[in-house]
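Each chain is listed here by its residues.
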Amino acid sequence: LLYVGAAIGRAFGLVYEGFDVRTYAILGAAASLNGVVRVLISLPAIMMETTTISTFVSPLMIVCLVSRYIGNGVFRSEGIYDEILKIRKIPFLEEEPPKVTKRLVLRAKDVMSMELVQLQLTMQVQAIFEILQEYNHLDFPVTDPSKGGQLVGSISRATLKAILWKKALSPRSDGDVECEESSAQSEDSLDLSYDQFEFDRLEEVSDTDLFNHLKGEEKCMYMSLARYMTLSPIAFGEDGSAERAFELFRTLGLRQLVVVDSDKIPIGVVTRFDLKVLDEEEDGHDNKAGTLASNGETATTVKSASLISMS
């Protein structure tokens, strides 16, 4: 795009004698690229820094503004980045929270998804593998049964796969008769450092390969998550405003926001899909959102299993 735009700009400069063709080449390249990406601030700044010509700020801003409106009018669509988000079905949150969050005074419990998959500090390998197969979550909250199920941390899907692949398991059986004999014969668990996880390599490992990598007796062993989980996960009170939850997602780039009650026990999760529904309800005159809020129900039917990575 830069080459095509620069060629067109240079040709335009050659038509009219006395014009600096280099200037029109630079402006043509910026206009061509901006007609596709539709940005106003970052592209002129990049072009100015690339050319080291500070006097080009105003011309670059003008051509980017014109090319954006021409692109919107001709193609009747948003920029290429916005279209890619739509194709990949990634919800994009606007800069300002939906007005419905202010008018209806929505709380986190009004917009959260009730289907929350929790892990415990120590779980059997077979149970963890079944959760990984059933849900495509990228992060899982970790609770402590000895504290009444309070939230104590979170762990990513990639970390769980790395631990299983490296077989950092424990022989603890907790009275499991079927696995007691094989667990008693197992060695002590292996402690892993972050450098040993090999996340890039494990991205290509499927769940089937991971399952076949584990032996029968290893599936009966246990895995301690306390050594590898994030100790300070970001949580949100159930009575916190949905507007504030929206701002946290925007400023911190969260994948999910665990909602806890007054006892710090997880009761739900807020995802980008849940917040995106509020934007859709804004276009629908807030009818459905108002009904859900008045009935104390959740404002989304999207399962929390539909989490994605914004990485």
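For the structure, see preceding data.
Computed from a prediction, not measured in an experiment: that's the story for all the values here. (Residues numbered from 1 in each chain as written. Predicted model: local features only at pLDDT ≥ 70, side-chain atom pairs only at ≥ 80, totals over all residues. Heavy atoms only, no water.)

Let us look at the packing of helix α3 (residues 42-51) against helix α4 (residues 57-75). Two elements in contact, α3 and α4, have axes separated by 9 Å at closest approach and are oriented at 140°. Taken together, the axis directions place α3 and α4 in an arrangement best described as oblique. The two elements α3 and α4 cross, and the hand of that crossing is right-handed. Here Leu43, Pro44, Met47 and Met48 of α3 lie close against α4, whose contacting residues are Val57, Leu60, Met61 and Cys64. A per-class count over the contact of α3 with α4 returns eight nonpolar, no polar and no charged. (Axes fitted to C-alpha atoms, helices over the stretch in contact; angles between N-to-C directions. Helix = DSSP H or I, 4+ residues; strand = E, 2+ residues; numbered from the N terminus. Parallel < 35°, antiparallel > 145°, perpendicular 65-115°, else oblique. Left-handed = near helix turned anticlockwise from the far one by under 90°. Contact = heavy atoms within 4.5 Å. Nonpolar A, V, L, I, M, F, W, Y, C, P; charged D, E, K, R; others polar.)

Once that is clear, we can look at unusual backbone geometry. One non-glycine residue, arginine 38, adopts positive backbone phi at about 60°. Looking at the secondary structure, you find arginine 38 in the loop between α2 (21-37) and α3.

Judged by nonpolar contacts, the single largest core of 24 residues is most densely connected at Leu119, Ile155 and Leu160. Elements supplying a minimum of two residues to this core: α8 (125-134), β3 (139-144), β4 (150-156) and α9 (157-166). When residues of this core are assigned to their parent elements, the largest contribution, five residues, is made by α8. Setting aside residues up to four positions removed in sequence, isoleucine 155 forms contacts with Leu119, Leu138, Asp139, Phe140, Val142, Leu160, Ile163, Leu225, Tyr228 and Met229. Counting residues in each nonpolar core, the second largest holds 18 residues, with Val111, Phe236, Leu248 and Phe249 among its members. (Core = buried A, V, L, I, M, F, W, Y, C linked by side-chain atoms within 4.5 Å. Buried < 20%, exposed > 50% of the residue type's maximum accessible area, 1.4 Å probe, protein only.)

What follows concerns the environment of leucine 27. Relative to the helices and strands, leucine 27 resides in helix α2. The exposure class of leucine 27 is buried, given its relative accessible area of 14%. Sequence-wise, leucine 27 and isoleucine 62 are 35 residues apart; in three dimensions their C-alpha atoms are separated by 9.5 Å. The residues contacting leucine 27, other than those within four sequence positions of it, are Pro59, Leu60 and Val63.

Our focus in this paragraph is the side chain of arginine 38. No salt bridge is formed by the buried arginine 38; the nearest opposite charge belongs to glutamate 83, separated by 7.0 Å. In this view, arginine 38 contacts Arg68, Gly71, Asn72, Phe75, Ser77, Glu78 and Gly79; residues no more than four positions away in its chain are not counted. (Lys, Arg positive; Asp, Glu negative; His and termini not counted. Salt bridge = Lys/Arg side-chain N within 4 Å of Asp/Glu carboxyl O.)

Under the criterion given, the structure shown has four salt bridges. Among the salt bridges present, the one from lysine 109 reaches aspartate 239, with a minimum N-O distance of 3.3 Å. In this pair, lysine 109 is assigned in helix α7 (residues 108-111) and aspartate 239 in the loop between β6 (235-237) and α13 (242-252), connecting sequence segments 130 residues apart. What makes aspartate 239 partly exposed here is its relative accessible area of 47%. Between arginine 244 and glutamate 247 there is a salt bridge, with the nearest N and O atoms lying 3.4 Å from each other. With arginine 244 and glutamate 247 both in helix α13 and three residues apart, the pair spans about one turn of that helix. Look at glutamate 247 and you get partly exposed, because its relative accessible area is 30%.

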